[in-house]
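# Examination of the molecular architecture
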Amino acid sequence: MSENRARLVSYGGPRHLPSRRELREEERKRASSPWTWVKEITFILVTALVVSTLLRIFLVQIFWIPSASMKPTLQENDRIAVSRISSWTGNITRGDIVVFDDVNGWLPQQEKHWWTSIGEFVGLVPAGSGQTLVKRVIGVGGDTVACCNAEGQLTVNGSAIREPYLASSSIHQQEDQTFAVTVPKGYVWVMGDNRSNSADSRYHFLKGDNPFIPARSVVGKAVAVMWPLNRWTILSGREVFATVP
């Protein structure tokens, strides 16, 4: 008896097991704790940022259109969804509208604030003009692009291109700016849909600048106008070049 009593004293007596009601009350207190809410909200925000960043890096990025060089297809302040998968797989071809880094120095240098860069990187804000451009691919490596035939149309490898996405004024504008080039392997020749107001490959070629864009500098292919909602549309153009040999 004395030995059992000693054991009880040593262990502090019999332990009290909490009831279900007490357990529920404890859980309620923990759930209502401000620190618990802070931890949960922080976890949700961090998870959202990680997912957004991964989507931007590997799948889709949103860009906004700062100029009129792609009218009427793209208007100023449009938001476009750009597939990065196309650049990873090299699936960029004639007719695609592409966003590419300004590796040729076509744009003046612009200062970008660090908070804007972070917002673009994680995908919380659309990428702006910065040092990227958006144009339509007219020729790929090995193509011969020339302007223009008797109807004011571009030719690619001798095949006339009927471009329904052009403004009617752009067709006549091309006639006074003749050229004939062969695109080097690994490069693309790009032009804006607003031919009368686009500093594109043709413009820089006639200026004596480097007009060819390295395919590796292509960020991705524009697949849709996402905003404003009344301009939502799927972007295309490959069918125009279907007859090019």
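What follows is about the overall build of the protein chain. Within the protein chain one finds seven helices and twelve strands. When burial is assessed residue by residue, the protein chain has 38% of its 245 residues classed as buried. Considering only intrachain contacts with a sequence separation of at least 6, the fraction spanning at least 24 residues in the protein chain is 71%. Surface exposure of the protein chain reaches about 14,600 Å², of which carbon and sulfur atoms provide 59%.

Let us now look at the pairing of strand β9 (residues 187–191). Across the five residues of β9, four count as buried, placing the element largely inside the fold. The sheet contact formed by strand β4 (residues 132–140) and β9 spans four bridges and is antiparallel. Counted as the bridge partner of V140 is V188 from β9.

Here we come to the sheet that holds strand β7 (residues 159–160). The strands that make up a sheet are held in pairs by hydrogen bonds between backbone atoms, and each pair lies either parallel or antiparallel. Ordered in space as β7-β6-β5-β8, the four strands form an open sheet in which the pairing is antiparallel. Of all the strands in the sheet, the pair left with one neighbour each is β7 and β8 (179–182). Relative to β7, strand β6 (residues 154–156) runs antiparallel, the two being bridged by two bridges. The residue of β7 that forms the bridge with T155 is A160.

A few words now on the state of the cysteines. Evaluated as defined, the whole model comprises one disulfide. Through a disulfide, C147 is tied to C148; the S-S separation comes to 1.7 Å. Here the disulfide of C147 and C148 is left-handed, its torsion about the S-S bond being about -55 degrees.

A few words now on the nonpolar core. Within the largest apolar cluster, 17 residues are counted, with the highest numbers of intra-cluster contacts made by I138, V145, F179, W189 and F241. Mapped onto this core, the elements with two or more residues apiece are β5 (144–147), β6, β8 and β9. Once residues lying within four places of it in the same chain are set aside, the contact partners of I138 are R94, V145, L154, V156, E163, Y165, W189, V190, M191, R195 and F241. Of all hydrophobic cores here, the second largest spans 13 residues; its members include I65, M70, I97 and V219.

Let us look at the pattern of salt bridges. Pairing is possible between side chains that carry opposite charge, provided their charged atoms lie close to one another. Per the counting criterion, the structure on display carries nine salt bridges. Taking the shortest distance from any N to any O, the salt bridge between R195 and E163 comes out at 2.9 Å. Remark: E163 occurs in the loop between β7 and α6 (168–174) and R195 occurs in the loop between β9 and α7 (201–207); sequence separation between them is 32 residues. As far as burial versus exposure is concerned, R195 and E163 are alike and both buried.

For the rest of this paragraph, the subject is the confidence of the model for the protein chain. Overall, the prediction assigns the protein chain a mean pLDDT of 80, with 68% of residues at 70 or greater. Taken element by element, the predicted model of the protein chain shows its lowest mean pLDDT in helix α1 (residues 2–10) (44) and its highest in β9 (97). Contacts of residues 1–13 to residues separated by more than four positions or lying in other chains number one contact, the stretch itself having pLDDT below 50. In the model, residues 122–127 has pLDDT below 50 throughout and makes 22 contacts with residues more than four positions away in sequence or in other chains.

Counting through the fold element by element, T132 comes out in strand β4. When its relative accessible area of 18% is taken as the criterion, T132 is described as buried. Expressed as a C-alpha distance, the spacing of T132 and W106, which sit 26 residues apart in the sequence, is 9.6 Å. Other than its neighbours up to four places away in sequence, T132 contacts F63, V99, F100, D101, D102 and L107.

Take unusual backbone geometry next. With an omega dihedral of 0 degrees, the bond running from C147 to C148 counts as a cis peptide bond. Topologically, C148 is positioned in the loop between β5 and β6. A cis amide bond links W227 to the next residue, P228, at an omega of 0 degrees. Looking at where P228 falls in the secondary structure, it is placed in the loop between β11 (218–227) and β12 (233–234).

About the criteria used
- The residue numbers shown here count from 1 along each chain, following its written sequence.
- Local features in this predicted model are restricted to residues of pLDDT 70 or higher, and side-chain atom pairs are both shown and tallied only at a pLDDT of 80 or more, whereas totals for entire chains, interfaces and linings draw on every residue.
- Where side-chain values are given, they derive from all heavy atoms of the structure, hydrogens and water being excluded.
- The helix and strand labels rest on DSSP assignments: H or I over at least four residues marks a helix, E over at least two residues marks a strand, and numbering proceeds from the N terminus.
- Relative accessibility decides the category of a residue: with a 1.4 Å probe and only protein chains considered, values under 20% of the type maximum give buried, values over 50% give exposed, and everything between is partly exposed.
- Working rule for contacts: check all heavy atoms of both residues, and any pair within 4.5 Å makes them a contact.
- Only the protein chains shown count as cover for residues, and the accessible areas themselves come from Shrake-Rupley with a 1.4 Å probe.
- Paired strands, as defined in this entry, are two strands with at least two bridges between them according to DSSP.
- Pairs of cysteine sulfur atoms within 2.5 Å are what we label disulfides.
- By nonpolar core is meant a set of buried Ala, Val, Leu, Ile, Met, Phe, Trp, Tyr and Cys residues that side-chain atoms within 4.5 Å join together.
- For this document, the term salt bridge refers to a Lys or Arg side-chain nitrogen within 4 Å of an Asp or Glu carboxyl oxygen.
- Scored from 0 to 100, pLDDT reflects the predictor's confidence in each residue.

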